[in-house]
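# Descriptive analysis of the structure
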Amino acid sequence: GCGICANKCMFKAIKIIGLADELKDEMVNQYGENSFRLYRLPVPKKGMITGILGPNGIGKTTAINILSGIVVPNLGNYDNPPTKEEVLAHYKGTDIYPYLSDVYAGKIKVAMKPQYVDKLPKVTKGVVRDLLSKTQERMSLEEAVETFGLEQVIDRDLTKLSGGELQRVAMAATCMKDADIYFFDEPTSYLDIYQRVKMARIIKSLAGEDKYVVVIEHDLAILDYLADNVNLVYGSEGAYGVFTLGRQVRTAINVYLQGYLPEENIRFRERPIEFAVSAPSGEWDTPTLIDFEDVSKDFGEFKLDVNSGAVKIGESVGVVGPNATGKTTFVKMLAGEIKPDKGCVNGIMRISYKPQYISQDYDGTVQDYLCAINYDQVTSGFFDTQVIGPLAIKFLMDKQMKNLSGGELQRVAIAGCLAKDADIYLLDEPSAYLDSNQRMEAAKCISGMMEKTGRSALIVDHDIYFIDMVSDSLMVFGGEPGHHGIAEGPYRMREGMNKFLKSVDITFRRDADTHRPRINKEGSNLDRTQKSVGEYYYAE
Ligand code: ADP
Ligand code: ADP
Ligand code: MG
């Protein structure tokens, strides 16, 4: 063991023992003997958006429960927890003291958007209108319906909403409250990029009203656009987490991508993560694997038209577009689950498909599940280095599939998809539930597998950093969400990004140090210049 946690952890034992000593006085909370320990807290600031960035299971939710007053930190004394007064006495003279004493004095009203919006229908019954009518403080129902685009769902029962719709309802309910501090635990899950940017603007407007705002967000392009300061959190999943001091958002994300915390002297990633500044040049000149000709599908209320296109052998095609424009429908047509009404998909191929919504009712362990898919592949050294390692599945092997968290299940589902011997791998929203680091590991794992095996992939996702890392080319979906979807491509990256980002009206610039893409402020000089020359993404 490493001295501080029971898990296999990423730090060298000696360093960790040293760390445990160094941080001893800064323990904020420990749930029980041998259970999760939290060190240090982020300090919210009025009129500022404080971002929290770090892996899953590392204390982010615990920290916001403490800042909101729901959990009184026990300072490590789980046997004999201190009172609020004792906690305040402990923090007297530190940065967190003024804030925490206001919380305990009842001077800070809290509004919180919880992480798992899927659970909303279980805790609240009824239709959207009734739920939102109760919280008309900062905003009227009409304003909220317009701001969050809820026209179509306002009279629907909560049990009939999709993930993205539940997210928008939960965000509306939170933002409608008149509070002093707003906590948003993963506000963009299930949303498309257009909705993510819109949500970011709404959250920014709260800070503009001089509120405290704290956000946990794993989509780095959105966090970058949204937050003022970011606290990075490091540690070991389920064992301990350490909050670092707030940094200006640009620096924080750059440090995160570099994988090295200078003041702590801690490396949490072997190599920095890099982005290609220019679009890949040259045609993909391998033979065609599949092509489709003017395929369409009519569900009555919704119709999808797919223009002609082809996927080449060895090509990884990213698929982008707003929610409800038919991306999943198209993937299901390729997987053979839905028959097109018109046109056809040509090419003989073996398919491996990871659906958007993953079923968890497999009876058995992760090991059983993966081995049943392809024993030889799963037990090979190749698969171990390419997939099991990068997706951190080893320590999940003996767990029951039923007991996995959302992020664990997603990683196992990706591995299961890649384990199968197929000509094309279809992955529908693989970044859902993953933290930023897991997203980047998954992107590298998928594209690495395609490169090494010469197979093709089609990957639907909303996270721009993920799409950038995983795709050789892009299919772009557009049209009228819920009514008529139009699919075009695959295009080469530059052309595809330009078409897609033009439709959502967002441009990106490049960070001077890391070359990572950064969303331009709407109407800024760069935004206007790039739009006028039609370079939405690869502009230098
Ligand atoms: P994050 O938000 O970073 O994913 P959490 O703060 O939710 O992390 O959880 C950190 C760790 O603390 C996890 O291992 C979780 O299982 C554990 N934990 C959370 N709440 C409790 C609790 N009430 N009692 C015991 N352990 C808990
Ligand atoms: P996306 O993946 O882009 O979010 P989907 O392909 O899941 O979009 O859905 C596109 C539209 O088609 C949605 O409005 C959805 O409600 C509708 N839809 C999907 N499947 C069916 C079906 N089997 N019958 C009727 N409508 C459907
Ligand atoms: Mg979908």
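Data block above holds the structure.
Summarised in this report is the structure supplied together with it. (Residues numbered from 1 in each chain as written. Chains lettered and ligands numbered in written order. Predicted model: local features only at pLDDT ≥ 70, side-chain atom pairs only at ≥ 80, totals over all residues. Heavy atoms only, no water.)

### Notes on the site of ligand 2
Around ligand 2 sit Phe299, Phe302, Pro322, Asn323, Ala324, Thr325, Gly326, Lys327, Thr328, Thr329 and Gly482, and those are all the residues in its vicinity. Between ligand 2 and Ala324 there is a distance of 2.7 Å, counted from an oxygen atom to a backbone nitrogen or oxygen. One of the side-chain nitrogen or oxygen atoms of Thr329 is found 2.6 Å away from an oxygen atom of ligand 2. About the coverage of ligand 2: the protein hides 60% of its 570 Å² of free accessible area. Tallied by class, residues from the shell around ligand 2 come to 4 nonpolar, 6 polar and 1 charged. (Near = heavy atom within 4 Å. Polar contact = N/O pair within 3.5 Å; in protein donor to acceptor, adjacent residues only side chain to side chain. Areas by Shrake-Rupley, 256 points an atom, 1.4 Å probe, with all protein chains shown as cover. Nonpolar A, V, L, I, M, F, W, Y, C, P; charged D, E, K, R; others polar.)

### What to know about the coordination of the magnesium ion (ligand 3)
With distances of 2.1 to 2.4 Å, the protein atoms coordinating the magnesium ion (ligand 3) are Thr328 (OG1) and Gln356 (OE1). Pair noted here: Thr328 is in helix α12 (residues 327-334) and Gln356 is in the loop between β17 (351-354) and α13 (366-378), with a separation of 28 residues, a long-range link. (Donors = N, O, S within 2.8 Å, 3.2 Å for Na, K, Ca; no water. Helix = DSSP H or I, 4+ residues; strand = E, 2+ residues; numbered from the N terminus.)

### Quick word on the packing of aromatic side chains
Within this structure, the stated rule accounts for 9 aromatic pairs. Ring centres of Tyr182 and Phe184 lie 6.4 Å apart, and the angle between their planes is 10°; this geometry places the pair in the stacked category. For Phe184, a relative accessible area of 0% corresponds to the buried category. Relative to Tyr369, the ring of Tyr362 has its centre 5.2 Å away and its plane inclined at 80°; by these criteria the two rings are edge-to-face. By the ring-pair criterion, three or more aromatic residues cluster together here, those being Phe292, Phe330 and Phe477. Lys204 extends its terminal NZ or CZ atom over the ring of Tyr225, reaching a point 4.8 Å from the ring centre. Looking at Arg269, its charged tip hangs above the ring of Tyr256, at a distance of 5.2 Å from the centre. (Phe/Tyr/Trp six-rings, centres within 6.5 Å; stacked < 30°, edge-to-face > 60°. Buried < 20%, exposed > 50% of the residue type's maximum accessible area, 1.4 Å probe, protein only. Lys NZ or Arg CZ within 6 Å of the ring centre and 35° of its normal.)

Take it as geometry only, folks, not as evidence of what the structure does.
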